Amino acid sequence: MKISPEITEFLNTPIRIGAKTAGRRLLVSPMAGYTHVAFRQLMEHFGGYGLLFTEMCSARAVPTENPEHSLVFRWRSGELSHLVCQIFGSDAQDMANAARRIEAEGFFGVDINFGCSVAAVCKRGCGAALLKTPDLAVAMVAAVRAAVSIPVSVKYRTGWTDDPRPAMEMARRFEAAGADAITFHPRMAPDRRTRPPRWEYIGMVKQAVRIPVFGNGDVFDAGDCIRMIQATGCDGISIGRIALAAPWTPALWTRGLVVDNDLYHFCAKRMMDLLQQHFEPVTAFRRFKNWAHFFAAGFKFGHRFSADIRGAKDIDAIYATVDRFFADIPERNPRPNMNLFR
Ligand SMILES: Cc1cc2nc3c(=O)[nH]c(=O)nc-3n(C[C@H](O)[C@H](O)[C@H](O)COP(=O)(O)O)c2cc1C
C-alpha cells in the first residue's frame, strides 16, 4: 500500500508528553514476553517510531530487580531516551517506589498497566482488575505522579462492560491525578481480541481530556492508521501485533523504508542472533518460537513456517528452518493471517 504524505507528516510530528517530547507520535505497545530487549534492538535497526515500551514489570519487584538477571527489567543504555517502562501492581506505594527506580535509571517515562486481563494478573488485583476499583487506580496514578517528574502514562481498556462512559470518566480522573498521556484500547476486559475494537470509543476518550490520547487496537496497515486518526481525532497511534509481524512497520510509515526481499530473511536471523546475545539459550529458543508465530502471520504459507519452527529441536534447527523458508522469496499476505495473530 502506498503511504500518503499526510500520514507520514502526522506520525512524524513530535508530541509533548508531560515534561518531555517524543519525536514521533507512533508508539510500539508493551507486549509481555515479546517487547524484550532483543526485540527492541531489532526494532531499533529499522527505527521510525516515537517510543518503545518494556514488557510489563512487577512494581513490587522493580525497586530491587537486578537487570543482569531479570528477563523483563533489562535494557541497553542507548535506548533509555525513547524507552518507557510499564509497571503493573495492586498497591499505590509499590507503584510509586517502582516509578522512582525507573526515573533514577533514566527511562523516558513510566506507564501504568490497567489493561491486562489475563486471569493470573487480574486475580492478584492488577491490570484490568483495577478498572473495577477506580479509586485505587486513580490513587496509583496520583502516587506515581507525586513520586517522579518523568512522564507518567496509563494504558487501559474500555472496562468490564461495553459502555464507553466509565472509560471517559477514568480518562478525566487519570488526567486530574496527574497522568501525562493515555493509550486506550477500546475492548472490554474479558475480550481477548476476538471482537473488533470499538474505535468510536477512542474518540470519546479523546474528547474527555486535554492530555494526548494514543489510539490502539487492530491497526495493521497505513490505511487502518489513517482511518483511526480520522475516525477518532486521536493524538497518535500505538501498534502492537503488527510490530511483531513486521518490525519494519514504523519505518515504512514514517520514513519511507523500501522493503526488499532480503528483509524477511535478515529479520528472522537477526532476531535469533539478538535473542542469543541477550538471553540464555533456553530462553532465547523459547522466545524465538513465540515470536515466529506472529512473524509467520505476514506470509502466505506462514502456517508452515510456524509449524516447522514449533517443531525445531534446537537453535541450529531454527536457523536451518529460517534459511529453508526464505531461500525462495515467500509471498506476503496483504493483511496478517488472523489465525496466527491471536
Ligand atoms: C502477546 C501480547 C502480550 C501483551 N502484553 C501486554 C502488556 O504486557 N501490557 C499491556 O499494556 N498490553 C499488552 N498487550 C496488549 C497490547 O499492548 C495491545 O494493546 C493489543 O495487542 C492491541 O493492539 P494491536 O491490535 O495493535 O495488537 C499484549 C498483547 C499481546 C498480543
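See the structure printed just above.
Please read all numbers here as calculations on a predicted model, not as lab measurements.

Caption draft 1: Expanded view of the overall build of the protein chain. Along the backbone of the protein chain there are 14 helices and 10 strands. Against the 2.2 N^0.38 benchmark of 20 Å for 342 residues, the protein chain shows a C-alpha radius of gyration of 19 Å, consistent with a compact globule. Expressed along its principal axes, the backbone C-alpha trace of the protein chain runs to roughly 55 × 45 × 35 Å. A separation of at least 24 residues holds for 71% of the contacts in the protein chain among residues at least 6 apart in sequence.

Caption draft 2: Local environment of the sheet that holds strand 5 (residues 83–88). With parallel pairing, the 8 strands of this closed barrel are ordered in space as 3-4-5-6-7-8-9-10. Strand after strand, the sheet turns through a mean of 30 degrees between neighbouring axes, direction not considered. As defined by bridge partners, strand 4 (residues 51–58) adjoins strand 5 across 5 bridges and the pair is classed as parallel. Within the sheet, the bridge partner assigned to phenylalanine 53 lies in strand 5 and is valine 84. Its contacts with the sheet place helix 5 (residues 134–147) against strand 6 (109–114) and strand 7 (152–159), and it is angled at close to 170 degrees to strand 6.

Caption draft 3: Up close: the nonpolar core. By size, the foremost hydrophobic cluster in this structure holds 111 residues, and its most contacted members are Ile87, Met95, Val110, Val141, Val144 and Ile182. Mapped onto the domain boundaries, this core takes at least three residues apiece from domain 1 (5–255) and domain 2 (262–340).

Caption draft 4: View of the site of the ligand. In the region of the ligand, 22 residues are neighbours, and Ser29, Ala32, Met56, Gly240 and Arg241 sit closest. Listed by contribution, the elements that provide at least two residues to the shell around the ligand are strand 4 and helix 9 (241–245). For the shell around the ligand, the residue count by class is 9 nonpolar, 9 polar and 4 charged.

Caption draft 5: Seen up close, the packing of helix 2 (residues 37–46) against helix 11 (residues 262–278). Axis separation between helix 2 and helix 11 bottoms out at 8 Å; the angle between their running directions is 135 degrees. If you check the angle between helix 2 and helix 11, you find them oblique. At the point where helix 2 passes helix 11, the crossing takes the right-handed sense. Contacts between helix 2 and helix 11 involve Val37, Ala38, Gln41, Leu42 and His45 from the first element and Arg270, Met271, Leu274, Leu275, Gln277 and His278 from the second. Classifying every residue of the contact of helix 2 with helix 11 gives 6 nonpolar, 4 polar and 1 charged.

Caption draft 6: The pairing of strand 7, seen in detail. A large share of strand 7 lies buried, amounting to 8 of its 8 residues. The pairing of strand 6 with strand 7 spans 5 bridges and is parallel. Bridge pairing in strand 7 places asparagine 113 opposite lysine 155. Across 6 bridges, strand 7 lies against strand 8 (residues 181–188) in parallel orientation. Bridging across to strand 8, glycine 159 finds its partner in methionine 188. Crossover strand 7 to strand 8 through helix 6 (residues 164–176) is right-handed.

Caption draft 7: Layout of the pairing of strand 6. Among the 6 residues in strand 6, 6 count as buried, and that is most of the element. Of the two faces of strand 6, both are covered, the one formed by Gly109, Asp111 and Asn113 as well as the one formed by Val110, Ile112 and Phe114. Bridge count between strand 5 and strand 6: 4 bridges; the pairing is parallel. The residue bridging isoleucine 87 from the neighbouring strand is isoleucine 112, located in strand 6.

Reading the values: rules and limits
Residues numbered from 1 in each chain as written. Predicted model: local features only at pLDDT ≥ 70, side-chain atom pairs only at ≥ 80, totals over all residues. Helix = DSSP H or I, 4+ residues; strand = E, 2+ residues; numbered from the N terminus. Rg over C-alpha atoms; globule rule 2.2 N^0.38 Å. Contact = placed C-beta atoms within 7 Å. Pairing = 2+ DSSP bridges. Axes fitted to C-alpha atoms, helices over the stretch in contact; angles between N-to-C directions. Core = buried A, V, L, I, M, F, W, Y, C linked by C-beta atoms within 7 Å. Buried ≥ 20, exposed ≤ 12 C-beta atoms within 10 Å, placed from the backbone. Domains from an automatic or database assignment. Near = placed C-beta within 6 Å. Nonpolar A, V, L, I, M, F, W, Y, C, P; charged D, E, K, R; others polar. Parallel < 35°, antiparallel > 145°, perpendicular 65-115°, else oblique. Left-handed = near helix turned anticlockwise from the far one by under 90°. Right-handed = clockwise from strand over helix to strand, strands pointing away.

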